[in-house]
Amino acid sequence: MEKKGTELVKTGFADMFKNGVIMDVTTAEEAKVAEEAGAVAVMALDMVPSDIRKAGGVARMAKITVIKEILKTVSIPVMAKCRIGHLAEARILESLGVDFIDESEVLTPADDKYHINKFDYKVPFVCGCRNIGEALRRISEGAAMMRTKGEAGTGNIVEAVKHARSVMDAIRQIKNMPDDELCTFAKDNGASLELVRMVKTLGRLPVVNFAAGGVATPADAALMMMLGVDGVFVGSGIFKSKEPPKMAKAIVQAVLHWDDPEMLAKISEDVGEAMPGLSVEDLEVRLQDRGW
Amino acid sequence: MLNNYMPEKPVGILSMQGAIQEHEQMLHGMGVNTLRVKTPKHLELISGLIFPGGESTTMIRLLRFTELIDPLTFWIKKRCLPVLATCAGMILLSSKIENYPNQQTLGLLDIQVIRNAFGRQINSFEEPINILNYDHPFNAVFIRSPVASTLGKEVEPLAKHENLVVMVKDRNIVACSFHPELTGDTRIHQEFLKRVEKWENSQNLEVRCS
């Protein structure tokens, strides 16, 4: 009997994204540009995060017509975002044949207390986190992949760095922690003891962990790889730059050659103007605070 | 205890993109050293090469960018370097992709493939399958997997699922459309190391290529 939607099939799929770049796109044309540049997957959205930020109001799952069009256009996997806790949007995306669902703080949450029980779905989910507790809670709910949240739509890498460092630092702590201290660590961080034990054994999160929220240049992408993430999501950073095809290609190459400064210099030379950046202190809405 | 061959030189893992670490972990668990192949000079330091799973469209672009296509062809075709390819690796090495004929391939493995032959992720699955000369079934994880739709004369089918060919051998290349690196079952990697042993021990090119 073929077994579909098993944990191995879900987390194994996320493993295939490793050392790759997943790009936000809002049209089939943009999806094509992303595929041509070497993206490992695209994320279908109505608006990139920087436009969501400007527009205000309620941000929802992308239009069905747009998602269908993108599914038809590219051969690489297609992801789409649903609102936190929006069981119906998630079921709709699953029925459309979307390859991965991002239960995302970039959209306006539909539930102020609960995330989706992601074990109930055959399609795998990715979720955001700022720290180890948030990461392990999402994995307890069935997330097959994590991404550090950063602050989407800012073109400012500082929050992405903060969140990646926080998760990596906690993993280093757990690795060196005597077993007697694990239970209290789990309690203090709101995480399951079983998963904390697993982190200690594996020396890493039990699922793939990408960086997101603020990557705007090839150097930003390389920086996140230096901090130990498995790959990067780029939201507004590509299609809000002056020359998206060039920027997209360069970021893909930077994720491959993150540990080779000479290559990075060559890659960064001709990418055009990056997206305009925002200072995090001036933000009215901090998307990263959504999710519980 | 495992009793696999310990190569003199490390085993290379083509490291453009994808599940590189999973193959590393499996080989390290078998006591074998590995080297991430990112540039042409790395090919001179290894005794076998693994093409991991990931996105074939991403990998072919990065192979072009890093100018690895000609050196790979030289080492695999002229020097008969032993190769194990999984999923996207099978697509990369094939001679043609039936449903995406414009996507470039390396043309080193004499098969045509169909990409995503079982459908999108929602139809990805695991299933124990029979592999030629293996004494018990192998739990095969198929993730948006390709199949070999047309086989060249010299190509031997090693496994099928629902009558579709999912594992092949073509001289120095073994390719499977599923992911042994995700399962902990080392049999396919052990067979690969046997080919590495033969390659390391033979000076004669003709023997190496047989």
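What counts and what doesn't
- Residues numbered from 1 in each chain as written.
- Chains lettered and ligands numbered in written order.
- Predicted model: local features only at pLDDT ≥ 70, side-chain atom pairs only at ≥ 80, totals over all residues.
- Heavy atoms only, no water.
- 1 Å grid on protein atoms, 1.4 Å probe; cavity = no way out; pocket = protein on both sides within 12 Å on 5 of 7 lines; lining within 4 Å.
- Points joined across faces, edges and corners; volume = space filled by probe spheres on them.
- Helix = DSSP H or I, 4+ residues; strand = E, 2+ residues; numbered from the N terminus.
- Nonpolar A, V, L, I, M, F, W, Y, C, P; charged D, E, K, R; others polar.
- Core = buried A, V, L, I, M, F, W, Y, C linked by side-chain atoms within 4.5 Å.
- Buried < 20%, exposed > 50% of the residue type's maximum accessible area, 1.4 Å probe, protein only.
- Contact = heavy atoms within 4.5 Å.
- Salt bridge = Lys/Arg side-chain N within 4 Å of Asp/Glu carboxyl O.
- Expected span 1.5 Å × (residues − 1).
- Buried area = accessible area lost by both parts, 1.4 Å probe.
- Disulfide = S-S within 2.5 Å.
- Arc of directions from axis to C-beta.

(A) Examining the layout of surface pockets more closely. If you add up the space inside the largest pocket, you get close to 490 Å³. Around the largest pocket sit 22 residues that line it, and D15(A), L202(A), P206(A), E22(B) and Q25(B) are the ones nearest its centre. Those elements that place two or more of their residues in the lining of the largest pocket are α1 (7-15) and α9 (193-202) of chain A together with α1 (20-29) of chain B. For the lining of the largest pocket, the per-class residue count stands at 10 nonpolar, 6 polar and 6 charged.

(B) A look at the nonpolar core. The biggest cluster of nonpolar side chains holds 115 residues, and the ones touching the most others in it are M224(A), L14(B), L49(B), F51(B), L63(B), L72(B) and L93(B). The element that contributes the greatest number of residues to this core is helix α7 (residues 158-175) of chain A, accounting for 8 residues. Setting aside residues up to four positions removed in sequence, F51(B) forms contacts with L14(B), L72(B), I76(B), V83(B), L84(B), A85(B), T86(B), G89(B), L92(B), L93(B) and L106(B). In terms of nonpolar packing, the next biggest core, distinct from the first, is built from 29 residues, I20(B), L84(B), I131(B) and F142(B) among them.

(C) Up close: the pattern of salt bridges. All names here are of chain A. In the structure shown here, the tally under the stated rule is 35 salt bridges over all chains. A salt bridge links E134 to R130; its shortest N-O distance comes to 3.0 Å. Look at R130 and you get partly exposed, because its relative accessible area is 22%. D289 is the salt-bridge partner of R130, the closest N and O atoms lying 3.4 Å from each other. Linking R130 in the loop between β6 (125-129) and α6 (132-140) with D289 in the segment after α13 (261-268), this pair joins segments that are 159 residues apart in sequence.

(D) Summary view of helix α12 (residues 244-256) of chain A. All names here are of chain A. With 13 residues, α12 extends 19 Å between its outermost C-alpha atoms, agreeing within 8% with the 18 Å of an ideal straight helix rising 1.5 Å per residue. In terms of burial, α12 is largely enclosed, as 10 of its 13 residues are buried. Where α12 is concerned, the buried positions are P244, M247, A248, A250, I251, V252, Q253, A254, V255 and L256.

(E) Inspection of the interface of chain B and chain A at higher detail. Each partner contributes to the interface: chain B provides 38 residues, whereas chain A provides 42 residues. With both sides pooled, the region where chain B packs onto chain A buries about 3,300 Å², and carbon together with sulfur makes up 55% of that total. On the surface where chain B and chain A come into contact, there are 5 salt bridges. Close ionic contact of R144(B) with D99(A) constitutes a salt bridge, the shortest N to O distance being 3.1 Å.

(F) Geometry of the state of the cysteines. Residues and elements named next belong to chain A. Applying the stated criterion to the full structure yields 0 disulfides over all chains. Distance from the sulfur of C127, which forms no disulfide, to the nearest cysteine sulfur (C82) is 8.1 Å. Looking at C129, it has no disulfide partner, and the nearest cysteine sulfur is the one in C127, 9.3 Å off. Of the residues examined, C129 reaches a relative accessible area of 0% and is grouped as buried.

(G) A look at the side chain of N156(A). Tracing the sequence through the fold places N156(A) in the loop between β7 (145-148) and α7. Residue contacts for N156(A): discarding those within four places in its chain leaves G213(A), G214(A), L278(A), S279(A) and V280(A).

(H) Geometry of helix α4 (residues 64-73) of chain A. All names here are of chain A. The complete set of buried residues in α4 reads V66, I67, I70 and L71. One side of α4 holds all its buried residues, which, seen down the axis, span an arc of 135°. Away from its buried face, by an angle of more than 90 degrees, α4 presents the exposed residues T65 and K72. Buried residues belonging to α4 abut β2 (21-25), α2 (28-37), β3 (41-44), β4 (78-83) and α5 (87-96).

So, to be careful, I would describe these as geometric facts and stop short of saying anything about function.
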